[in-house]
Amino acid sequence: MRLFIAISLDPATQSALAAFYGTLKPKTGNSVRWVKPANIHLTLKFLGEVDQSRYQKVHSKVEEITQQFTPFDLSVNGCGVFPGWRQPRVVWAGVQAPQQLAQLASALESGMQALDFPAEERPFSPHLTLGRVNDWMTPPQKDMLQMEMEAAKGTVFGTVHADHLTIYRSELRPEGPVYSELARSTFSTSKR
């Protein structure tokens, strides 16, 4: 099973993001593969292929980690591209969160390393992937995308109440990935 651990978004925030990139679609043609609204989430740790016996350990570790955290709110605002406008690869929306999010990501990283998953090479940079740019994006399409996204930099797309983590299974299909929820681990309701 191909797995990742993420914070789910509420349907209203997903819809606001889809409405935003819906205005970009006609201007970019098929040069960007946009993420289906229901698939937009905040990935905290990508695990890759995991067999059933190892999955049980992952699930137990995620349950253990979520008990160390209480619910918090995330603000979804702003947008940009990775790695930059010279050669954009990923279109994203920004996430502003309390320090608790970075602490949670760090705890998950350590917890998964303890289960022999490789360490993430890049520092944690919370964002929501909205689309992936194809190699054939034309300079006029890139210019238009940059202009539209610069204009939307201050846009607030929603506030997400994070009260659980989800372990998702990702199945790669020709029409795009299909994500299914395997387990949900709720944060503690009491302060530690």
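J.: Just give me the short version of the overall build of the protein chain, but keep the residues and values in it.
T.: Each helix and strand counted, the protein chain has 4 helices and 9 strands in total. N-terminal to C-terminal, the α/β element order of the protein chain is β-α-β-β-α-β-β-α-β-α-β-β-β. Computed over C-alpha atoms, the radius of gyration of the protein chain comes to 17 Å, within 12% of the 16 Å expected from 2.2 N^0.38 for 192 residues, which places it in the range of a compact globule. Going through the 192 residues of the protein chain one by one, you find that 47% of them count as buried.

J.: Can you explain unusual backbone geometry? Please cite residues and give values.
T.: Leaving glycine aside, a negative phi is the common case for residues, and trans is the common case for peptide bonds. A cis amide bond links F82 to the next residue, P83, at an omega of -10°. Mapping P83 onto the fold places it in the loop between β4 (72–82) and β5 (90–96). Positioned with a positive phi, D116 is a non-glycine residue whose angle comes to about 70°. Its place among the elements puts D116 in the loop between α3 (99–114) and β6 (127–133).

J.: Can you tell me about the pattern of salt bridges, naming the residues and giving the values?
T.: For the coordinates displayed, the defined rule picks out 8 salt bridges. A salt bridge links K61 to E64, with the nearest nitrogen and oxygen atoms 3.5 Å apart. Here K61 and its partner E64 are both found in helix α2 (residues 52–66), 3 residues apart, which amounts to about one turn of the helix.

J.: Give me the lowdown on the pairing of strand β9 (residues 178–186), citing residues and values where you can.
T.: Regular strands have side chains that alternate between both faces of the sheet. In this sheet, β9 lies alongside strand β8 (residues 164–171) in antiparallel orientation, the contact comprising 8 bridges. Paired with Y168 across the two strands is E181, which belongs to β9. Connecting the antiparallel pair β8 and β9 is a turn made up of 6 residues, with G176 showing a positive phi of about 125°.

J.: Which residues make up α2, and what values do they have?
T.: Along its 15 residues, α2 runs 21 Å from first to last C-alpha, staying within 8% of the 21 Å computed at 1.5 Å per residue. Against the buried residues of α2 lie β1 (2–8), β3 (41–49), α3, β8 and β9.

J.: Any chance you could break down the packing of aromatic side chains for me, citing the residues and the numbers?
T.: Summed over the entire model, instances satisfying the criterion amount to 6 aromatic pairs. Note on F20 and F157: the rings are 5.2 Å apart at their centroids and 50° apart in plane angle, and the pair reads as tilted. With F20 in helix α1 (residues 11–28) and F157 in strand β7 (residues 156–162), the pair connects residues that are 137 residues apart, well separated along the chain. Accessibility expressed as a relative area gives 11% for F20, which makes it buried. Judged by its relative accessible area of 8%, F157 is buried. Both rings, one in Y21 and one in W34, keep their centres 5.0 Å apart while their planes meet at 10°; by these two values the pair is stacked. With Y21 in helix α1 and W34 in strand β2 (residues 32–34), the pair connects residues that are 13 residues apart, well separated along the chain.

J.: Please give an account of α1 that cites residues and values.
T.: Helix length check: α1 (18 residues) gives 25 Å between terminal C-alpha atoms against 26 Å at 1.5 Å per residue, within 8%. Looking only at α1, the buried set comprises T13, Q14, L17, A18, F20, Y21, L24 and T28. Elements in contact with the buried residues of α1: β2, β4, β5, β6, α4 (139–151) and β7. In the stretch just after α1, G29 is the one whose phi turns positive, near 60°.

J.: Could you give an account of the sheet that holds β9, naming the residues involved and the relevant values?
T.: Judged by pairing direction, the sheet is antiparallel, and its 4 strands sit side by side in the order β3-β1-β8-β9 without closing on themselves. If you trace the sheet from one side to the other, it starts and ends with β3 and β9, each paired once. Each strand of the sheet is rotated relative to its neighbour by a mean of 25°, with strand direction disregarded. Sheet analysis places β1 next to β8, joined by 4 bridges and oriented antiparallel.

J.: Can you lay out the environment of L172 for me, pointing to particular residues and giving the numbers?
T.: One can find L172 in the loop between β8 and β9. With relative accessibility at 59%, the residue L172 sits in the exposed group. For the pair L172 and R2, spaced 170 residues apart in sequence, the C-alpha separation works out to 8.9 Å. Apart from the residues lying within four places of it in its own chain, the contact partners of L172 are R2 and P177.

Cut-offs and rules
- Residues numbered from 1 in each chain as written.
- Predicted model: local features only at pLDDT ≥ 70, side-chain atom pairs only at ≥ 80, totals over all residues.
- Heavy atoms only, no water.
- Helix = DSSP H or I, 4+ residues; strand = E, 2+ residues; numbered from the N terminus.
- Rg over C-alpha atoms; globule rule 2.2 N^0.38 Å.
- Buried < 20%, exposed > 50% of the residue type's maximum accessible area, 1.4 Å probe, protein only.
- Salt bridge = Lys/Arg side-chain N within 4 Å of Asp/Glu carboxyl O.
- Pairing = 2+ DSSP bridges.
- Expected span 1.5 Å × (residues − 1).
- Contact = heavy atoms within 4.5 Å.
- Phe/Tyr/Trp six-rings, centres within 6.5 Å; stacked < 30°, edge-to-face > 60°.
- Axes fitted to C-alpha atoms, helices over the stretch in contact; angles between N-to-C directions.

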